[in-house]
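One letter stands for each residue in the lines below.
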Amino acid sequence: MSFITAEGVSFSWGQARILQEVSLCAGKGKFVGVIGPNGSGKSTLLKCIYRVLHQDAGCIFLDGKENTKMGYKETARFLGVVAQHNIYDFDFSVRDIVLMGRSPHKKTMEQDNAEDRRIAREALARVGLSGFEERTFAELSGGEQQRVILARALAQQTRALILDEPTNGLDPVGIQELRALVRSFPEHGITVVLSSHILNEVEHMADLVGIIVEGRLAYEAPLGEGVDLERLFMDVCLGKAVA
């Protein structure tokens, strides 16, 4: 059963068509990898799913409900987002950052309570950062910062995670740590959609791959044993493979 569905999604910046009638599905508890050359539109598709951008045409459904008919808090209770890593200079404690993930569950001006703090502690423990609550976010390494952002998404207690090139800008240790965490989420029933330009990142984690080339979904298929994703990717980009 499809849990996240994009149907005929198109998007333009001015006169430039970025996405052209892209359709992609992610089943409940599945891991879908979206890959493509730089500038192909994969991050744009994800941004349409989590509503940073609004598509020109087509529909996106979250567990059968059109996302544009959902409130932003409702969407945030469904989807957590971890975007590309950048250098952050937030003057907040790690605890404060993670507690921001509780806002979709709270009324305006409602204060954090003991349950929120428990959920935040558990999220930090899950990403291997127990004891970091009082640390200042800006003083952490890039990999640690990205794990805090992941903990914030987990604190939202969502049923799906959108990961938009989450290892971009991280050192090799940070990359391996984040991959190990992300790989386990479908085992807990969390649907994951990951965009990446690192092929072996997708090859070792995803159940299904979608390849976007020049704004179109050029290939979509399960990733089984024996699939050479690098060769498949090159064949698709050169027009030699058809899903």
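What counts, and at which threshold
Residues numbered from 1 in each chain as written. Predicted model: local features only at pLDDT ≥ 70, side-chain atom pairs only at ≥ 80, totals over all residues. Heavy atoms only, no water. Helix = DSSP H or I, 4+ residues; strand = E, 2+ residues; numbered from the N terminus. Buried < 20%, exposed > 50% of the residue type's maximum accessible area, 1.4 Å probe, protein only. Contact = heavy atoms within 4.5 Å. Areas by Shrake-Rupley, 256 points an atom, 1.4 Å probe, with all protein chains shown as cover. Salt bridge = Lys/Arg side-chain N within 4 Å of Asp/Glu carboxyl O. Pairing = 2+ DSSP bridges. Core = buried A, V, L, I, M, F, W, Y, C linked by side-chain atoms within 4.5 Å. Axes fitted to C-alpha atoms, helices over the stretch in contact; angles between N-to-C directions.

A. Quick peek at the overall build of the protein chain. Across its full length, the protein chain carries 8 helices and 10 strands. In terms of its C-alpha atoms, the protein chain occupies a principal-axis envelope of roughly 55 × 40 × 35 Å. Across the 243 residues in the protein chain, those meeting the buried criterion constitute 51%. Look at the contacts in the protein chain between residues 6 or more apart in sequence, and 68% of them connect residues 24 or more apart. Total accessible area computed for the protein chain in this model is approximately 11800 Å², and 49% of it derives from carbon and sulfur atoms.

B. Focus on the pattern of salt bridges. Taken as a whole, this structure holds 13 salt bridges when the rule is applied. The shortest N-O distance in the salt bridge between E134 and R95 comes to 2.5 Å. Within this pair, whereas E134 is found in the loop between α4 (114-126) and α5 (142-155), its partner R95 is found in helix α3 (residues 94-99), the two being separated by 39 residues in sequence. Judged by its relative accessible area of 59%, E134 is exposed.

C. Local environment of the sheet that holds strand β5 (residues 65-66). Taken in spatial order, the 4 strands line up as β2-β1-β4-β5 in an open sheet, and their pairing is antiparallel. Whereas interior strands pair on both sides, the edge strands pair on one side only; in this sheet they are β2 (16-27) and β5. Where strand β1 (residues 2-13) and β2 come together, 8 bridges link them in antiparallel fashion. Bridge pairing links I4 to A26 in β2.

D. The arrangement of unusual backbone geometry in detail. A positive phi angle, close to 45°, is found at E165, a residue other than glycine. Here E165 shows up in the loop between β7 (160-164) and α6 (172-183). Its identity as a non-glycine residue notwithstanding, E214 has a phi of 50°, on the positive side. Relative to the assigned elements, E214 resides in the loop between β9 (208-213) and β10 (216-222). Residue E214 is classed as exposed on the basis of its relative accessible area of 67%.

E. Representation of the nonpolar core within the structure. In terms of nonpolar packing, the biggest core is built from 48 residues, with V98, L150, V182 and I211 touching the most fellow members. Per element, the largest residue contribution to this core is 7 residues, and it comes from α5. Sequence-distant contacts of I211, that is, excluding residues within four places in its chain, are made with I35, R216, L217, A218, Y219, L232, F233 and V236. Membership of the second largest hydrophobic core comes to 27 residues, among which are V22, L45, A160 and V193.

F. Broad picture of the sheet that holds β10. One open sheet holds the 6 strands; their spatial order is β6-β7-β8-β3-β9-β10, and the pairing between them is mixed. Looking at which strands have only one partner, the edges of the open sheet turn out to be β6 (79-82) and β10. Sheet twist, expressed as the average angle between the axes of neighbouring strands with direction ignored, equals 15°. Alignment of β7 against strand β8 (residues 191-195), held across 5 bridges, turns out to be parallel. Paired with L161 across the strands is V192, a residue of β8. In the packing of helix α1 (residues 42-49) onto the sheet, the strands contacted are β3 (31-35), β6, β7, β8 and β9, and the crossing angle to β7 comes to about 150°.

G. Inspection of the environment of L24 at higher detail. Along the chain, L24 turns up in strand β2. For L24, a relative accessible area of 8% translates into the label buried. Residues L24 and S141 lie 117 residues apart in sequence; the distance between their C-alpha atoms is 35 Å. The contact partners of L24, leaving out residues within four places of it in the chain, are I4, T5, A6, V32, V34, L45, L208, G210, L217 and E220.

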